[in-house]
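# Tertiary structure, described
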Protein chains: 2
Amino acid sequence: MDHTDDLPDDLPDDLPGDDYLIRPDPHDPRLTERVTGVDQTGAAIETSVTVERALTIFLNSQEIVTAMTINDHPEYLALGYLLNQNMLKASDVVTGVDYDEELSVVVVRTRRKTNYEKKLKKKVQTSGCAQGTVFGDLMEALENVTLPPAELRTSWLYTLTQKINTTPSLYLEAGAIHGCVLAQEDRPLVYMEDVGRHNAVDKIAGWMFKHAVTGGDKIFYTTGRLTSEMVIKTVRMGIPILVSRSGFTAWGVELARKANLTLIGRARGKRFVALAGAERIVFDQDLAYVEEESAKHRRKAAVHDD
Amino acid sequence: MDHTDDLPDDLPDDLPGDDYLIRPDPHDPRLTERVTGVDQTGAAIETSVTVERALTIFLNSQEIVTAMTINDHPEYLALGYLLNQNMLKASDVVTGVDYDEELSVVVVRTRRKTNYEKKLKKKVQTSGCAQGTVFGDLMEALENVTLPPAELRTSWLYTLTQKINTTPSLYLEAGAIHGCVLAQEDRPLVYMEDVGRHNAVDKIAGWMFKHAVTGGDKIFYTTGRLTSEMVIKTVRMGIPILVSRSGFTAWGVELARKANLTLIGRARGKRFVALAGAERIVFDQDLAYVEEESAKHRRKAAVHDD
C-alpha cells in the first residue's frame, strides 16, 4: 500500500512503513530542565520538568501574538498559527520564515501585503481568548470546506493508537504536555508535542502547509478533548477523521455533525465512541484480539488530556 | 477547629466540617446533553456530553471578551475574569452584576469609571492568547504580592484529595472538564468545574471577591498542570499553597520560587512532589496508612489534566 502519495518530495520513498517523519525528541536538552525538590517522605529528589518559552510571531511587519511553547519547531508553529487564525491563506506565497533564536521572534513573510490591524482589534472584542481562538472567523472559514469521503478501518485505529502510546515522548520524560499526531491509515506520520494543545495542532498545520501535504486521506489524533475548537481546526486542515482518547463537548459534537467530520472519542484499549460521521468507520477488527489498556497506559493517560 | 473565620456572613455557622459551600451539580440538566452515537462494536449508544456556551463579559459599557463556559456561575466567572485580567481592582466597588440569560451577556458595573480600550489593544499585541492570559500585566501584578507564612500538613493533603476525588462531579457524569477547589486545612470549600481550566479558576476568584474571602489561610487544588499562568493566578488570589495531581512546567516552578509559593504536583495516592516552598509542609502523616490510588481513580485521572 502506498503511504507516500502526497508526502514531501525531498523525503526518501523507501521509508519503512512504521517510521515517523517527525517524532518527539525527549532527549533534546533544550526541552526539559532538571530541578530539585522533596517527595512525600520529605526526602530530596531531582526530576525533569518541561521548559516553556515565549515566542513572538510576526506576519511581515506586524506583531501578531506571543505564544508559550516548548519551541522545538518555531517555523511550523508560526505558519500553523497564522493559517489557523486565517491570517495566512492556503494560496499565499511565503517568501521566507526567519527565526531569531536570541530574540525568540519568528517572522513569516508573504508576497501578498498583509494588514491585520482591524482583525487584531476584532479578535479582542469577539474571541473566547480563554479558548485561544477567534470563533467568528473560524466559523466563517468552516463554511467553505467540504470534507471528502474516507474510510477508517478499526484495525488501523487500534494499530495506530498502540504505536502512538508506545512512542518515546516528552510526556513520558517530564509530563505536563499535549500530543497530536497526523496519521495515514495505520501509520503515524508527524507527532508533535507542546505545553499548549493548540500549539501542537498548529505545528502540524504548519508542517502540512510547508510540505504541501493535503488532509483528505489523513487521520488526526489528539490526546486532548474534542472541543469545538479542535473540530474547527481539524476541518480547516481538510482532515475527515478526528480521534481522541479524551471526551467530547456538546458543541464539538454539533460542529462535527455540521461539517461531516468523523468524531471518535474515549478511545482507550478496545473501547471507543463515535458521535459523528460513523458511516466512515469499517468495523474490520475482531475485538477478541484487541487488548485492554494496561495499568501503565492508564497512568500514562493521566496527564494526556486537557 | 474554626474553619469559618472569613467565610461569608450570610452562611450558617454550624456547617458540618465536610460540607462544601459550593460543589458541582452533575444533575443540572443545563450542563450536559444526551447524544447518540455508536461504540466500538458498531452498536448504537447514548451518552452524556458537557455543554459549552458562549458568554460575553462587559465591564461597564465596554465589551471585554467572549468566553466558552458551562455557564453555571456567569456572575462569578465575570468578576473573576476581570480580576485576573487586572481590569477590576480589589478595591473596586461593584455596584451591580447583571446577567441576561437570553443574550448570554453579563455586565459588571463599578463605581469607578473604567476604560480598557488601550489595554485591550495591548493584550492582542503582547499576550500568549493560546494560553489565555496577558502575561506582561500579570507579571507586574505579581511583584506587589507577598504570600504569608502558612502550614500544609500532609494529613490534610491526603484527606483533602481523597474527599475531592470522591465528590460527584460533571467530570464523572460526562468527562471533558476541569476542576479547581478552594480549600482550608483538610476541608474543600468551593469546587468549580468548567470546560476551560481558566474559567474554573476565575469562578473561584470571583466567588472570593464577592464574599470578601481572603486567601492567606487557604489551599488551592487544581486537576490541571502547574503552568506559569496557574502559579500567577494563585499568587494573585493571595493563596500560599497550590496543589495539583498533574505535572509542572519549568517556568511555573521558577515563578513559584520567586513568589514564595508552595508548589506541589503529581499528587496521586500517597505520592507527591514539591518543587517550591517545601518549608511550609509539615510531614505529620504516617504513610503506612495512606492508600495508593485505586484503578478507578487512575481512570478518573485520565481526563482530569490539561
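Look up a bit, the structure's there.
Residues numbered from 1 in each chain as written. Chains lettered and ligands numbered in written order. Predicted model: local features only at pLDDT ≥ 70, side-chain atom pairs only at ≥ 80, totals over all residues. Heavy atoms only, no water.

### With respect to the sheet that holds strand E13 (residues 271-276) of chain A
Strand-to-strand pairing in sheets goes through backbone hydrogen bonds, with the strands running parallel or antiparallel. Strand order in the open sheet formed by eight strands is E9(A)-E8(A)-E10(A)-E11(A)-E12(A)-E13(A)-E1(B)-E2(B), with mixed pairing between adjacent strands. Only two strands of the sheet have a single partner each, and these edge strands are strand E9 (187-194) of chain A together with strand E2 (44-50) of chain B. This sheet shows a mean twist of 30° between the axes of neighbouring strands, independent of strand direction. Inspection of the sheet shows strand E12 (residues 262-268) of chain A paired to E13 of chain A by four bridges, in the antiparallel sense. The partner of Gly265 of chain A across the bridge, within E13 of chain A, is Val273 of chain A. In the packing of helix H4 (residues 154-165) of chain A onto the sheet, contacts are made with strand E8 (178-184), E9, strand E10 (219-222), strand E11 (241-244) and E13 of chain A, and the angle to E9 of chain A comes to roughly 45°. Along the sheet, helix H7 (residues 228-236) of chain A makes contact with E10, E11 and E12 of chain A, crossing E11 of chain A at roughly 140°. (Pairing = 2+ DSSP bridges. Helix = DSSP H or I, 4+ residues; strand = E, 2+ residues; numbered from the N terminus. Axes fitted to C-alpha atoms, helices over the stretch in contact; angles between N-to-C directions. Contact = heavy atoms within 4.5 Å.)

### What to know about helix H1 (residues 74-84) of chain B
Of all 11 residues making up H1 of chain B, 10 are buried, and the element is well covered by its neighbours. For H1 of chain B, the complete set of buried residues consists of Pro74, Tyr76, Leu77, Ala78, Leu79, Gly80, Tyr81, Leu82, Leu83 and Asn84 of chain B. (Buried < 20%, exposed > 50% of the residue type's maximum accessible area, 1.4 Å probe, protein only.)

### What about the pairing of strand E3 (residues 53-59) of chain B?
All names here are of chain B. As judged from the seven bridges shared by E3 and strand E4 (residues 62-69), these two strands associate in the antiparallel manner. If you follow Leu55 over to E4, its bridge partner there is Ala67. A loop of two residues connects E3 with E4, the two strands running antiparallel in sequence, and Asn60 in this loop sits at a positive phi of about 50°. The pairing of E3 with strand E6 (residues 105-110) spans four bridges and is classified as parallel. Across the sheet, Ile57 pairs through a bridge with Val106, a residue of E6.

### Focus: the sheet that holds strand E9 (residues 187-194) of chain B
The sheet built from eight strands is open, its strands ordered E2(A)-E1(A)-E13(B)-E12(B)-E11(B)-E10(B)-E8(B)-E9(B) with mixed pairing. Bordering the open sheet on either side are strand E2 (44-50) of chain A together with E9 of chain B, each of which pairs with just one other strand. Each strand axis lies, on average, 30° off the axis of its neighbour in the sheet, ignoring direction. Taken strand by strand, helix H7 (residues 228-236) of chain B contacts strand E10 (219-222), strand E11 (241-244) and strand E12 (262-268) of chain B, and its axis lies near 140° from that of E11 of chain B.

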